[in-house]
Amino acid sequence: MTEEESKLRVKLAACYRIFAHLGWDELIYNHITVKIPGSQGQFLINPYGLHYSEVTASNLLKVNVKGEKLGHSPHQPNPAGMIIHTAIHSAREDAVCIGHLHTDAGSVVACQQNGLRHDNFYSVLLHGQVAYHDFEGITVMPGEQERLVASLGDKSLLILRNHGLLACGNSIEDMFMRLWLLQRACEIQVSADASGQPLIPIDQSIAEKTAQLLKLQTGPVAPGVLEFNALLRKIDRLDNSYKE
Ligand SMILES: [Zn+2]
């Protein structure tokens, strides 16, 4: 195993623990994957059957975009996870990391006919950046892969209708930040709807301008790194067994 893969394993395992800490875990389901650089389509995924709080650097599975498990492990990957993640990792070079959620807020918005409205502080940042994929049942049929990739198009955020949320990023931190924004946007929408109060729409031109600002934002640190590292320090204080 290369040093790069070892480091990636630790970071991805930490990401699973961060998801669990935020309440983004779903029993033994859902998945976060990251491509191994220079490996020709190999990526890491969680062992199916373990809770996110049990994922460690060493028990992550190595698989490839053909859906094959590589190396020795008593565990298997989640079949639905393999369908979704092999499709997107194969089709999109820039989708280095993919995360998928079934949170209440994400799933509620995924069930709403009009999807995400760009009328709150977080969702306005995502104006024009969210794709939708129609529900076809549990994602276990290979035939859906082509349609899934077509639905995603060139976007990095995907609302799986009647199902949940998905984000791609060019790193674990980038995926995390995008998914966090989408999740927050959904949380506010669900709470705002529950308030029963009339909502204030955001003017289209302001929405476009705001979303553009986020796209143009560049700094000395790559997107999501400061945020991810802050949560990493928190996880480290609670339980750093993910490094094993
Ligand atoms: Zn799912």
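The structure presented is a predicted model; accordingly, all values stated were derived computationally and were not measured. Each chain has its residues counted from 1, following the order in which its sequence is written. Only residues with pLDDT of at least 70 are given local features in this predicted model, and only at 80 or more are side-chain atom pairs given and counted; all residues enter the totals for whole chains, interfaces and linings. For side-chain calculations, the full set of non-hydrogen atoms in the structure is used, while hydrogens and water are omitted.

Here the nonpolar core consists of buried residues drawn from Ala, Val, Leu, Ile, Met, Phe, Trp, Tyr and Cys, with membership extended through side-chain atoms lying within 4.5 Å. Exposure categories follow from relative accessible area, calculated using a 1.4 Å probe and restricted to protein chains: below 20% of the type maximum is buried, above 50% is exposed, and the middle band is partly exposed. Among the nonpolar cores identified, the biggest contains 48 residues, and L12, F19, I32, L116, M175 and L182 are the most heavily contacted of them. Between two residues, a contact is recorded if the distance between any of their heavy atoms is within 4.5 Å. Non-local contacts of L116, meaning those with residues more than four positions away in its chain, are made with V109, S123, L126, V130, Y132, I159, L182, A185, C186 and Q189. Core analysis: the second largest hydrophobic core is formed by 12 residues, I84, A131, L160 and C168 among them.

Turning our attention to the pattern of salt bridges. Between side chains of opposite charge, a pair can form when the charged atoms approach closely. By salt bridge we mean one thing: a side-chain nitrogen of Lys or Arg within 4 Å of a carboxyl oxygen of Asp or Glu. Applying the stated criterion across every chain, the model contains 13 salt bridges. Residue E5 pairs with R9 through a salt bridge whose shortest N-O separation is 3.0 Å. Here the residue E5 and the residue R9 both occupy positions in helix α1 (residues 3-21), the gap between them amounting to 4 residues, near one helical turn. Taken as a pair, E5 and R9 share a single burial class, namely buried. Put simply, DSSP marks the helices as runs of H or I at least four residues long and the strands as runs of E at least two long, and each gets a number from the N terminus on.

Moving on to the coordination of the zinc ion. Within the first shell, the zinc ion binds the protein through H100 (NE2), H102 (NE2) and H163 (NE2), at distances of 2.0 Å. The motif formed by the donor residues of the zinc ion, counted along the single chain, is H-x1-H-x60-H. Judged by its relative accessible area of 25%, H102 is partly exposed. We call an atom a donor if it is N, O or S and sits within 2.8 Å of the metal, or 3.2 Å for Na, K and Ca. Water is not counted, so some sites may look partial.

UniProt positions are given in the numbering used here, feature names are shortened, and annotations may be inferred rather than shown by experiment. Sites flagged by UniProt as "domain: Class II aldolase/adducin N-terminal" (unreviewed entry) map to residues 10-190. In this annotation, residues 10-190 is assigned 34% helix and 18% strand; the end-to-end C-alpha distance for the span is 34 Å.

A separate point is the packing of helix α5 (residues 172-195) against helix α7 (residues 225-238). Packed helix pairs are specified by the crossing angle of their axes together with the interaxial distance, meaning the distance between the axes. α7 packs onto α5 with a crossing angle of 90° between their chain directions and a minimal axis gap of 8 Å. Comparing their axes, α7 and α5 come out roughly perpendicular. On the side of α5, the interface is formed by I172, E173, F176 and M177, while α7 contributes V225, E227, F228 and L231. Residues of the contact of α5 with α7, tallied by class, amount to 6 nonpolar, no polar and 2 charged. Structural elements are reduced to axes, namely lines fitted to C-alpha atoms, with helices fitted over the stretch in contact, and the angle between N-to-C directions of any two is expressed from 0 to 180 degrees. Put simply, angles under 35 degrees are roughly parallel, angles over 145 are roughly antiparallel, angles from 65 to 115 are roughly perpendicular, and the rest are oblique. Three categories are distinguished: nonpolar for Ala, Val, Leu, Ile, Met, Phe, Trp, Tyr, Cys and Pro, charged for Asp, Glu, Lys and Arg, and polar for the others, with Gly belonging to the last.

Counting buried residues along strand β8 (residues 164-169), 6 of its 6 residues qualify, which places the element largely inside the surrounding structure. Strands were regarded as paired on the criterion that DSSP finds at least two bridges between them. Sheet topology note: the strand β5 (residues 97-101)/β8 ladder contains 5 bridges and is antiparallel. Its bridge partner being in β8, H100 is matched across the sheet by L166. In the sheet, strand β7 (residues 157-160) pairs with β8 via 4 bridges, with the strands oriented antiparallel. In the sheet register, I159 faces β8, and the bridge partner there is L165.

Okay, the packing of α1 against α7 next. Contact geometry for α1 and α7: axes closest at 10 Å, N-to-C directions at 80°. It follows from the interaxial angle that α1 and α7 lie roughly perpendicular. Touching K11, A14, C15, R17, I18 and H21 of α1 are F228, L231, L232, K234, I235 and L238, all from α7. Taken together, the residues of the contact of α1 with α7 sort by class into 8 nonpolar, 1 polar and 3 charged.

As a further point, take a nonpolar patch on the surface. A grouping of L27, Y29 and Y48 is seen on the molecular surface, where their side chains present a nonpolar patch of about 300 Å² in accessible area. Tracing the sequence through the fold places Y29 in the loop between α1 and β1 (32-35). Here a patch means residues that are over 30% exposed by relative accessible area and free of salt bridges, tied together within 9 Å if like-charged and within 5 Å if nonpolar (Val, Leu, Ile, Met, Phe, Trp, Tyr). Shrake-Rupley sampling with a 1.4 Å probe provides the accessible areas, and residues are treated as covered by the protein chains on show and by no other component.

So, on to the sheet that holds β5. Spatially, 8 strands are ordered β4-β3-β2-β1-β5-β8-β7-β6 in an open sheet, and the strand pairing comes out mixed. A strand with exactly one partner marks an edge of an open sheet, and here the two such strands are β4 (69-70) and β6 (130-133). Sheet analysis places β1 next to β5, joined by 3 bridges and oriented antiparallel. Opposite I32, over in β5, you have G99 as the bridge partner.

Turning next to helix α2 (residues 79-91). An ideal rise of 1.5 Å per residue puts 18 Å on 13 residues; α2 measures up with 18 Å between its terminal C-alpha atoms. For α2, the buried fraction is high: 10 of the 13 residues fall into the buried class. Where α2 is concerned, the buried positions are A80, G81, M82, I83, I84, H85, T86, A87, I88 and H89. In the core, the buried residues of α2 are packed alongside β1, β2 (42-45), β3 (61-64), β5, α4 (144-152) and β8. Near the N-terminus of α2, the side chain that reaches the backbone nitrogen of A80, with its oxygen 2.8 Å away, is that of N78. One less than the residue count of a helix, multiplied by 1.5 Å, gives the span that helix is expected to have. Here a polar contact is recorded for every N or O atom pair within 3.5 Å, except that within protein the pair must consist of a potential hydrogen donor and a potential acceptor, and residues adjacent in sequence are included only if both atoms are side-chain atoms.

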